[in-house]
Amino acid sequence: MDKLIWLIPVLPLAGFIINGLGRNTLSKGIIGAIGSLLVLASFGISVATFFQVKSTGVPVNVNLFDWISVGDFHIQMAFLVDQLSSIMLLIITGVGFLIHLYSVGYMHDDAGFGKFFAYLNLFVFFMLLLVMGSNYVVMFIGWEGVGLCSYLLIGFWYTNPSYADAAKKAFIMNRIGDLGFLLGIFLLMDQFGSVAYADIFPKAVGAVSHGAPIVLITMLLFVGAVGKSAQLPLFTWLPDAMAGPTPVSALIHAATMVTAGIYMIARSNILFTLAPTTMEVISIVGLATAAFAALIALTQTDIKKVLAYSTVSQLGYMFLGLGVGAYTGAFFHVLTHAFFKALLFLGAGSVIHAMSGEQDMRKMGGLKGKIKTTFITMLVGTIAIAGIPPFSGFFSKDEILAAAFAHSTIFYVVGVITAGLTSFYMFRMMYLTFWGKFRGTHEQEYHLHESPANMTIPLIILAVLSAIAGAIGVPAVLGGHHELGAFLAPVFEGSTKLLGEHELSHSTEWILMGTSVLIALAAMGYAYSKYVSGSSVPVSDEEERPALVNLSYNKFYIDELYDKIIRKPLDALSTFLYRVVEKMGIDGFVNGLGQGTMDTSKGLRLLQTGNVGFYIFMMVVGIIGILIYSLVKI
């Protein structure tokens, strides 16, 4: 497979070029087929590569060419496919293909159909570049590329000013994190003389005595991860990114791009293990993000906003896992989350499709009998994300919570309470959407219909994966063998040796699992009693809410706070710099020199009269002046 590795990213790139150039000439059928089938072909090669890595245990290294050479410093355009990146390739191309297939039906009537598929293909290319790169520079190119594609796709319907603003917000907030990532790469170059993983990671183990540089490097890399993976305080761009079409939400903001930060830390695990201070910061930020986003999701009424804040919260769980050293658990949750969150977003898109574009859950209800396939598949995804066995989310979330318990009881308590909140707001979404009486208009009710097959087939596949994917990580306490942990062991080998084993007794694990499941079931039951038995519906925006509910519904006014303490002061500073420093100071000085020269030349020009007598007079004056100067000098 070594000779075909380069085709994995190049095939989607070819789709971008073909669909981009032919967006106005090719038919929608051809565009959809090209965009989808090229990603499917990339998936096929990724599967073959995965099995090669699995069977041999040897990573695939491909050096394409020497990209940058400065003296003894070289940066290769090279790919590395090992246990970690091979799984990411399956997620990106596999889930990516399903989302492309779904988009054929979802975007069929959109005037920008060809452009949309070109952007999707370009995104897949850059995401593949990010995970396949064998050094930080190639990763950074992919990192910036997915940021660009995110901007293009979030603002796809750019004629709507609020959507365009959401795209700009995502782009700017990601640039903040990207600066930290870039500075971290520069420090890696300075510290280790290379950007290649194969050079840096072995040297890092020997640099354990030089803790300060490692801490600074990992902190800067973490800043990059915070921006890309929407953690506190740079999380507000992701909920606003729901302005993009629903397939965009599923592909970029659930399954792939937002997990780039987790992938980067997992790839750099040995560096972070050598920086316990950074690990603690990651744990705290991740846990705070998980809890904070869950509190906001409790009261949201837009079905996509609920899922958006859920994504932020689940990403927080992944960072908690990374911070407590559960690298396998965190990556396990990346895998399961890709399935059930892509499913939930695509299911929400199917609901919106059936509701003629309506996203407000207060205007839904009673849909389970109208769109049965969407209902059943979304129910599977909801059970999975709530952490109820035997669905996939239970196993991955339980592994993170167990590691959190081994690290800190407080971390576990906050984490398991957040898991309860997750169960509540997800089942609240389901009950408001699918149970009770229909609350929409008569016209919406008349047009209610299940989505076409090219939209429901991806839902069914993702539902199956959401249900069974946990089987690859069944813990020993349940009589299983953690196949994912065994497969990823070579990637995390160095960190495992340094961190040591912190195994819990089986009785403790049973108690922890039982507690999390009981809390999830209790939250589900409470949501049922409130929204089904009690027929409760969130009040309209015009009505008054309790203070805490209002605080959550308005997202704790974080955007307003950022607007007041960051945007407005920066606007005031920029206005001052423009009007006073630039216009009056710099421009005033430069313009003053020009004006002074012009005024002086105008005065001197008056001396040029053309009168010969005047010139003779001036010569005499000059001679007299020279004589006087000569006499004074003597």
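Each value, and the rule that gives it
- Residues numbered from 1 in each chain as written.
- Predicted model: local features only at pLDDT ≥ 70, side-chain atom pairs only at ≥ 80, totals over all residues.
- Heavy atoms only, no water.
- Helix = DSSP H or I, 4+ residues; strand = E, 2+ residues; numbered from the N terminus.
- Buried < 20%, exposed > 50% of the residue type's maximum accessible area, 1.4 Å probe, protein only.
- Contact = heavy atoms within 4.5 Å.
- Areas by Shrake-Rupley, 256 points an atom, 1.4 Å probe, with all protein chains shown as cover.
- Lys, Arg positive; Asp, Glu negative; His and termini not counted.
- Charge placed at Lys NZ, Arg CZ, Asp CG, Glu CD.
- Salt bridge = Lys/Arg side-chain N within 4 Å of Asp/Glu carboxyl O.
- Phe/Tyr/Trp six-rings, centres within 6.5 Å; stacked < 30°, edge-to-face > 60°.
- Lys NZ or Arg CZ within 6 Å of the ring centre and 35° of its normal.
- Polar contact = N/O pair within 3.5 Å; in protein donor to acceptor, adjacent residues only side chain to side chain.
- Expected span 1.5 Å × (residues − 1).
- Axes fitted to C-alpha atoms, helices over the stretch in contact; angles between N-to-C directions.
- Parallel < 35°, antiparallel > 145°, perpendicular 65-115°, else oblique.
- Left-handed = near helix turned anticlockwise from the far one by under 90°.
- Pairing = 2+ DSSP bridges.
- Core = buried A, V, L, I, M, F, W, Y, C linked by side-chain atoms within 4.5 Å.

Student: Describe the overall build of the chain, naming the residues involved and giving the relevant values.
Tutor: Along the backbone of the chain there are 26 helices and two strands. Going through the 634 residues of the chain one by one, you find that 53% of them count as buried. Residue pairs at least 24 apart in sequence account for 81% of intrachain contacts in the chain once pairs closer than 6 positions are excluded. Element-wise, carbon and sulfur atoms account for 68% of the exposed surface of the chain, whose accessible area totals about 26,600 Å². If you average the places of the 35 positive and of the 37 negative side-chain charges in the chain, the two averages end up 7 Å apart.

Student: Give a description of the pattern of salt bridges that names residues and reports values.
Tutor: Overall, the coordinates contain 13 salt bridges when judged by the stated rule. With a closest N to O distance of 3.2 Å, Arg362 and Asp541 form a salt bridge. Note that Arg362 is positioned in the loop between α15 (327-354) and α16 (372-386) and Asp541 in the loop between α23 (506-533) and α24 (547-553), a separation of 179 residues in sequence. Among the residues examined, Arg362 registers a relative accessible area of 13% and is labelled buried. Residue class for Asp541 comes out partly exposed when judged on its relative accessible area of 45%. Residues Lys568 and Asp563 are paired through a salt bridge, measuring 4.0 Å at the closest nitrogen-oxygen approach. Classification of Lys568 as partly exposed rests on a relative accessible area of 43%. If you follow the salt bridges from partner to partner, you end up with Asp360, Arg362, Asp541 and Arg545 in one network.

Student: So what's going on with the packing of aromatic side chains? Residues and values would help.
Tutor: As enumerated under the stated definition, the model contains 29 aromatic pairs in all. Seen in terms of ring centroids, Phe50 and Phe51 are 5.3 Å apart; in terms of plane orientation they differ by 75°. Their pairing is edge-to-face. A ring pair is formed by Tyr119 and Phe156, whose centres lie 6.4 Å apart and whose planes are at 90°; its orientation type is edge-to-face. With Tyr119 in helix α4 (residues 113-132) and Phe156 in the loop between α5 (136-154) and α6 (161-192), the pair connects residues that are 37 residues apart, well separated along the chain. When its relative accessible area of 18% is taken as the criterion, Tyr119 is described as buried. A relative accessible area of 4% places Phe156 in the buried class. Sitting over the face of the ring of Phe156, Lys115 holds its NZ or CZ atom 5.2 Å from the ring centroid.

Student: Describe the side chain of Asp110, and please don't skip the residues or the numbers.
Tutor: Among the structural elements, Asp110 can be located in the loop between α3 (83-106) and α4. Here Asp110 sits buried without a salt bridge, and the closest side chain of opposite charge, Lys28, lies 7.2 Å off (N-O distance). For Asp110, the side chain forms a polar contact with the main-chain nitrogen of Gly112, separated by 2.8 Å. Ignoring any residue separated from it by four or fewer positions in sequence, one finds Asp110 in contact with Lys28, Phe156 and Trp157.

Student: Break down helix α8 (residues 211-228) for me, with residues and values.
Tutor: With 18 residues, α8 extends 26 Å from end C-alpha to end C-alpha; this agrees with the ideal 26 Å at 1.5 Å per step. Of the residues making up α8, those classed as buried are Ile214, Ile217, Thr218, Leu220, Leu221, Phe222, Gly224, Ala225, Val226, Gly227 and Lys228. Once α8 finishes, Ala230 follows within two positions and takes phi at roughly 55°, a positive value.

Student: Just give me the short version of the packing of α15 against helix α17 (residues 392-407), but keep the residues and values in it.
Tutor: Any two packed helices are characterised by how steeply their axes cross, that is the angle between the axes, and by the distance between the axes. Closest axis-to-axis distance for the α15/α17 pair is 8 Å, and the angle between their directions is 155°. As the angle between them shows, α15 and α17 are arranged roughly antiparallel. Here α15 and α17 pass one another in a crossing that is left-handed. Contacts between α15 and α17 pair Thr328, Gly329, Ala330, Phe332, His333, Thr336 and Phe340 from the former with Ser392, Gly393, Phe395, Ser396, Lys397, Glu399 and Ile400 from the latter.

Student: Can you lay out the pairing of strand β1 (residues 60-70) for me, pointing to particular residues and giving the numbers?
Tutor: The pairing of β1 with strand β2 (residues 73-81) spans nine bridges and is classified as antiparallel. When the bridges of β2 are listed, Val62 appears paired with Phe79. Remark: two residues form the turn of the hairpin made by β1 and β2, two consecutive strands paired antiparallel; Gly71 in that turn has positive phi of roughly 65°.

Student: How would you sum up the nonpolar core? Please name residues and give values.
Tutor: Looking at soluble globular proteins, one finds that nonpolar side chains tend to be buried together. The biggest cluster of nonpolar side chains holds 188 residues, and the ones touching the most others in it are Phe123, Tyr136, Leu271 and Met429. It is α15 that contributes the most residues to this core, 18 residues altogether. Once you skip the residues sitting within four places of it in the chain, Met429 turns out to touch Ile303, Val306, Leu307, Leu344, Met361, Met378 and Thr382. Ranked by size, the runner-up nonpolar core spans 16 residues in total, among them Leu287, Ile400, Ala402 and Val416.

Student: Quick rundown of the environment of Tyr106? Include the residues and the values.
Tutor: Mapped onto the elements of the fold, Tyr106 is located in helix α3. In this structure Tyr106 comes out as buried when scored by relative accessible area, which is 18%. Contact partners of Tyr106, with chain neighbours within four places excluded, come to Thr246, Pro247, Gly349, Ile352 and Met455. A polar contact of 3.0 Å, which involves the side chain of Tyr106, links it to the side chain of Thr246.

Student: So, the side chain of Thr236: which residues are in play, and what are the values?
Tutor: Checked against the element boundaries, Thr236 lands in the loop between α8 and α9 (237-240). By relative accessible area, Thr236 is classed as buried at 5%. Apart from the residues lying within four places of it in its own chain, the contact partners of Thr236 are Lys169, Met173, Ile558, Asp559 and Tyr562.

Student: So what's going on with the environment of Leu343? Which residues, and what values?
Tutor: Following the sequence through the fold, Leu343 ends up in helix α15. Residues Leu343 and Ile461, spaced 118 residues apart in sequence, show a C-alpha to C-alpha distance of 8.8 Å. With near-sequence residues (within four places) excluded, Leu343 lies in contact with Thr377, Gly381, Leu459, Leu462, Ala463 and Ser466.

Student: Give me the lowdown on the packing of α3 against helix α20 (residues 453-468), citing residues and values where you can.
Tutor: As a packed pair, α3 and α20 sit with axes 7 Å apart at the nearest point and diverge in direction by 155°. In terms of their interaxial angle, α3 and α20 are classed as roughly antiparallel. Crossing angle aside, the handedness with which α3 passes α20 is left-handed. On α20, the residues that touch Val95, Leu98, Leu101, Tyr102, Val104, Gly105 and Tyr106 of α3 are Asn454, Met455, Pro458, Ile461 and Leu462.

Student: Please give an account of unusual backbone geometry that cites residues and values.
Tutor: Trans peptide bonds make up the majority, and among non-glycine residues the majority have a negative phi. Cis geometry is adopted by the peptide bond preceding Pro233, which originates at Leu232 and carries an omega value of 0°. The topology assignment puts Pro233 in the loop between α8 and α9. Looking along the chain, the bond that leaves Pro389 and enters Pro390 is cis, with omega of 5°. Looking at the secondary structure, you find Pro390 in the loop between α16 and α17. Positive phi, normally seen in glycine, also occurs at Ala230, with a value near 55°. Along the chain, Ala230 turns up in the loop between α8 and α9. The class of Ala230 is buried, set by a relative accessible area of 0%. Phi is positive for Ser356, close to 60°, though the residue is something other than glycine. Structurally, the position occupied by Ser356 is in the loop between α15 and α16. According to the relative accessible area criterion, Ser356 is exposed, its value standing at 52%.

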